[in-house]
Amino acid sequence: MTAEPVTDQQGTPAPAALPATVRASLSPSRAADFKTCPLLYRFRSIDRLPERPNVEQARGTLVHAVLERLFDLPAPGRTPSAAGDLVAPQWDRLVAEQPELAALFDPADEAGTAEFLRSATALLRGYFAVEDPRRLEPAERESLISAVVDDELLIRGYLDRLDVAPDGALRVVDYKTGGAPREAFEARALFQLKFYALVLWRTRGVVPRVLRLLYLKDAEVCDYSPDADELLRFERTVVALWQAIEQATERQDFRPRPSRLCDWCNHQALCPSFGGTPPPFPERAAVPDPLRDARSGPAAPGADE
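Given the structure is predicted, the values throughout are model-derived calculations rather than measurements. (Residues numbered from 1 in each chain as written. Predicted model: local features only at pLDDT ≥ 70, side-chain atom pairs only at ≥ 80, totals over all residues. Heavy atoms only, no water.)

**Topic: the overall build of the chain**
- Secondary structure assignment for the chain yields seven helices and six strands.
- Of the regular secondary structure in the chain, the N- to C-terminal order runs β-α-α-α-α-α-β-β-β-α-β-β-α.
- Out of the 305 residues in the chain, the part that is buried amounts to 45%.
- Within the chain, counting contacts between residues at least 6 apart in sequence, those at least 24 apart form 72% of the total.
- Taken as a whole, the chain presents about 15,100 Å² of accessible surface, with 50% of it coming from carbon and sulfur. (Helix = DSSP H or I, 4+ residues; strand = E, 2+ residues; numbered from the N terminus. Buried < 20%, exposed > 50% of the residue type's maximum accessible area, 1.4 Å probe, protein only. Contact = heavy atoms within 4.5 Å. Areas by Shrake-Rupley, 256 points an atom, 1.4 Å probe, with all protein chains shown as cover.)

This is the structure:
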């Protein structure tokens, strides 16, 4: 299998640089959707159904934004107090950029908004319990990385943070604002990080030494060290997953896979498992461009918790 880097200097997709053989793209979020529930993949990637933001996702987005901006400060100034001072301004920025977030709180409910901001600050205390940002200088933050695998599939995603050691070793860091998960949920999180590790290996020739999950709510760290053989197997898994997506698209056959995650799904009213009926499958001309994954920008981090 071959691979080529396909990002420009700003870290944005560079379609002109794609080999002519490339036919589709896939992000870890959409790949995980299909693994979790093929019908959810269809709703998000083919039907492009809107989804309501919720408080948990908004809190995750806010905490990620604060941690990204925290590293703009000089190292000695990266303190819990400084992080707390970033919470309200970053929320104001997010609401200005995503007006739908404002609908999460009644404008007259100042106490509700204040409690939301306090809850984000509490998660930041969890971050400082497991890391000292004064001792870190990340190489990249909220960085889009991408590669072509199997000559036909573009895989890409956004890293929360990439650390590079003096000897060139890579550490991929992902912030999680939910509680430390049970085994099945942790496997989903590690799937995402292995996705990033595969891209880095294929574009930089280095297998990341550590994939790190930081669970801020519980102040826990989960480290995992992949190897090249494992990433090669994972690459085959990703390619096989995309082939299954292509077959389902051709057959217009995306079936629900009920699980505990259904409790958080926005689309129960359209799901046969809950007595609903999916909308008619889009005409071929209306099916979105397969080179444009439904996640065209960083997803709300809480969506992946």
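**A few points about the pattern of salt bridges**
- Enumeration over the complete set of coordinates arrives at 22 salt bridges.
- When the shortest N-O distance is used, the salt bridge between aspartate 223 and arginine 212 registers 2.7 Å. Of this pair, aspartate 223 sits in strand E6 (residues 220–224) while arginine 212 sits in strand E5 (residues 210–215), placing them eleven residues apart in sequence.
- In this structure aspartate 223 comes out as partly exposed when scored by relative accessible area, which is 40%.
- Exposure remark for arginine 212: the relative accessible area of 16% places this residue in the buried category.
- A single network of salt bridges, built from pairs that share partners, joins Arg30, Asp33, Arg44 and Glu51. (Salt bridge = Lys/Arg side-chain N within 4 Å of Asp/Glu carboxyl O.)

**Description of helix H7 (residues 228–251)**
- In this model, H7 (24 residues) spans 35 Å end to end at C-alpha, consistent with the 34 Å of a helix rising 1.5 Å per residue.
- Listing the buried residues of H7 in full gives Glu230, Leu231, Phe234, Glu235, Val238, Val239, Leu241, Trp242, Ile245 and Ala248.
- The residue sitting at the N-terminus of H7 and contributing the capping side-chain oxygen is aspartate 227; that oxygen lies 3.3 Å from the backbone nitrogen of aspartate 229.
- Where H7 ends, the next residue or the one after it, glutamine 252, has phi of about 55°, a positive value. (Expected span 1.5 Å × (residues − 1). Polar contact = N/O pair within 3.5 Å; in protein donor to acceptor, adjacent residues only side chain to side chain.)

**Some words on the pairing of E6**
- Bridge analysis of E5 against E6 gives five bridges, and the strand direction is antiparallel. When the bridges of E6 are listed, tyrosine 215 appears paired with glutamate 220.
- Between E5 and E6, which follow one another and run antiparallel, lie four residues, and alanine 219 among them has a positive phi close to 50°. (Pairing = 2+ DSSP bridges.)

**Side note on helix H2 (residues 38–46)**
- With nine of nine residues buried, H2 is to be regarded as a mostly interior element.
- Residues of H2 that are buried include every one of Pro38, Leu39, Leu40, Tyr41, Arg42, Phe43, Arg44, Ser45 and Ile46, and no others.
- Those residues of H2 that are buried lie in contact with helix H1 (28–36) and H7.
- One or two residues past the end of H2 sits arginine 48, with phi positive at roughly 55°.

**Digging into the nonpolar core**
- Residues Leu153, Ile155, Val172 and Phe254 are the most contacted members of the largest nonpolar core, which totals 46 residues.
- When residues of this core are assigned to their parent elements, the largest contribution, eleven residues, is made by helix H6 (residues 183–204).
- Discounting residues that sit within four places of it in the chain, leucine 153 has contacts with Ala24, Ser25, Leu26, Ala147, Val148, Val238 and Trp242.
- In this structure, Ala65, Phe71, Ala83 and Leu94 belong to the second largest nonpolar core, which totals 27 residues. (Core = buried A, V, L, I, M, F, W, Y, C linked by side-chain atoms within 4.5 Å.)

**Considerations on unusual backbone geometry**
- Here arginine 48, not a glycine, exhibits a phi torsion of approximately 55°, which is positive.
- The residue arginine 48 is located in the loop between H2 and helix H3 (55–70) in this model.
- Residue classification places arginine 48 among the partly exposed positions, given a relative accessible area of 37%.

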